[in-house]
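Spelled out from the first residue to the last, the chains are:
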Amino acid sequence: MNIVFKNIVRIKAALPEVVHIIMFYNNGMIFQSTFEQETNIPKLGETLAKILHNARKINDICLFKPEDYKKLIVEMEEVTIILVKLGEDSNIGLFFKNEDSKEINLTPIKRYLTRIEELIDMDKNELILKEILIKEEGLKALESMLNQKREELDLTREKLENACNDLDKEKLTKDCNIIEQEWRKLKDETDKIKIELVNLKDEIEKAHEK
């Protein structure tokens, strides 16, 4: 069993009023949930992320101190949702059935939140490292294809220079244009991945500096 999930189980044991727990990044990506598969979990994560985004916008519009939220409470007739900020990019949502709890007290789970934050940051860094490795492998393959396409282009241009009749020149010119377009497309993809790798490595460095 995942260590983060073990903490979720402990939270539910410590606070029986919690019917569901969901853990998500600021972009809405869910990385742990107690909801069943019939729930549209990606859409739920996206919606919760929008709630946090709108809370931050309210803060900006009102010219309050530029600090992130700590806790948001959404109370409805049947359920109360408490959103708690964990790490810089991670959040936890606690769903309470109103009939089970007249007064919600977060004290029993506070001791788990710091530990969960640490585990989430570890999980996130591991995911980033895996993504870096995958992108580096993809970059190697693209650079190999790029070199092959460059050689193909150089060879076709050489044939064009040595062509003796107009028909061959016309065909080779078209071939050169097609190959050059393919080369430029590969070059753009290569440059894009290089930028993504720089950004991912920056994220890892920032995490280590904390």
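These numbers were taken from a predicted model, which means no experiment stands behind them. Note on numbering: residues in each chain are counted from 1, in written sequence order. Local features in this predicted model are restricted to residues whose pLDDT is 70 or higher, and side-chain atom pairs enter the listing and the counts only when it is 80 or higher, whereas totals over whole chains, interfaces and linings include all residues. Values reported for side chains reflect all heavy atoms of the structure, with hydrogen atoms and water molecules removed beforehand.

## Topic: helix α2 (residues 41–61)
Part 1 of the reasoning: Between its first and last C-alpha, α2 extends 30 Å over 21 residues, near the 30 Å set by a 1.5 Å rise per residue.
Part 2 of the reasoning: By definition, residues are in contact when any of their heavy atoms lie within 4.5 Å. We count a stretch as a helix when DSSP gives it H or I for four or more residues in a row; a strand needs E for two or more, and each element gets its number in order from the N terminus. Looking at the buried side of α2, the elements it contacts are β1 (18–25), β2 (30–33), β3 (71–75), β4 (79–85) and β5 (90–97).
Part 3 of the reasoning: Looking one or two places after α2, you find leucine 63, whose phi comes out positive at around 60°. For a helix, the expected span equals 1.5 Å multiplied by the number of residues minus one.

## Some words on the packing of aromatic side chains
Part 1 of the reasoning: Think of it this way: a Phe, Tyr or Trp ring, Trp meaning its six-membered ring, pairs with another when their centres are within 6.5 Å, and the plane angle makes it stacked under 30 degrees, edge-to-face over 60, tilted otherwise. In total, this model carries one aromatic pair according to the counting rule given.
Part 2 of the reasoning: Centre to centre, the rings of phenylalanine 35 and phenylalanine 95 are 5.1 Å apart; their planes meet at 85°, and the pair counts as edge-to-face. Of this pair, phenylalanine 35 sits in the loop between β2 and α2 while phenylalanine 95 sits in strand β5, placing them 60 residues apart in sequence. Per residue, the accessibility class of phenylalanine 35 equals that of phenylalanine 95, and both read buried. Accessible area is worked out with a 1.4 Å probe on protein chains only. A residue is then buried under 20% of its type maximum, exposed over 50%, and partly exposed in between.

## What to know about the sheet that holds β4
Part 1 of the reasoning: Strands pair, by our definition, only if DSSP identifies at least two bridges between them. Read across the sheet, five strands follow the order β2-β1-β5-β4-β3 without closing on themselves; strand pairing throughout is antiparallel. Of all the strands in the sheet, the pair left with one neighbour each is β2 and β3. Each strand axis lies, on average, 15° off the axis of its neighbour in the sheet, ignoring direction. Between the N-to-C directions of two axes lies an angle of 0 to 180 degrees, each axis being a line fitted to C-alpha atoms and, for a helix, fitted only over the stretch in contact.

## Things to note about unusual backbone geometry
Part 1 of the reasoning: For leucine 63, which is not glycine, the phi dihedral falls at a positive 60°.
Part 2 of the reasoning: Tracing the backbone shows leucine 63 in the loop between α2 and β3.
Part 3 of the reasoning: Relative accessible area serves as the criterion here: at 74%, leucine 63 is assigned to the exposed category.

## Examining the pairing of β3
Part 1 of the reasoning: Note that β3 and β4 share five bridges and pair antiparallel. Considered in β4, the bridge of leucine 72 is made with leucine 83.
Part 2 of the reasoning: Hairpin geometry of β3 and β4 is characterised by an intervening segment of three residues between the two adjacent antiparallel strands.

## Thoughts on the side chain of asparagine 59
Part 1 of the reasoning: Inspection of the secondary structure puts asparagine 59 in helix α2.
Part 2 of the reasoning: Only 2.8 Å separates the side chain of asparagine 59 from the backbone oxygen of lysine 65, close enough to count as a polar contact.
Part 3 of the reasoning: Setting aside chain neighbours within four positions, we find asparagine 59 in contact with Phe64, Lys65, Pro66 and Glu67. By the criterion applied in these results, polar contacts are pairs of N or O atoms within 3.5 Å in which, for protein atoms, one can donate a hydrogen and the other can accept it, and in which residues neighboring in sequence qualify only through two side-chain atoms.

## Some remarks on a negative patch on the surface
Part 1 of the reasoning: Residues Glu131, Asp202, Glu203 and Glu205 make up a contiguous surface patch of negative charge.
Part 2 of the reasoning: Here the negative patch takes three residues from helix α4 (residues 166–209), the largest share from any one element.
Part 3 of the reasoning: Its place among the elements puts glutamate 203 in helix α4. Patches were defined on residues exceeding 30% relative accessible area and lacking a salt bridge, with like-charge contacts within 9 Å and nonpolar side-chain contacts (Val, Leu, Ile, Met, Phe, Trp, Tyr) within 5 Å. Surface exposure here means Shrake-Rupley accessible area, sampled with a 1.4 Å probe, where a residue is shielded only by the protein chains that are shown. Basic side-chain nitrogens of Lys or Arg form a salt bridge, by our definition, when they fall within 4 Å of a carboxyl oxygen of Asp or Glu. Only four residue types enter the charge count, namely Lys and Arg as positive and Asp and Glu as negative; His and the chain termini do not. In plain terms, the charge of a residue is placed at NZ if it is Lys, CZ if Arg, CG if Asp and CD if Glu.

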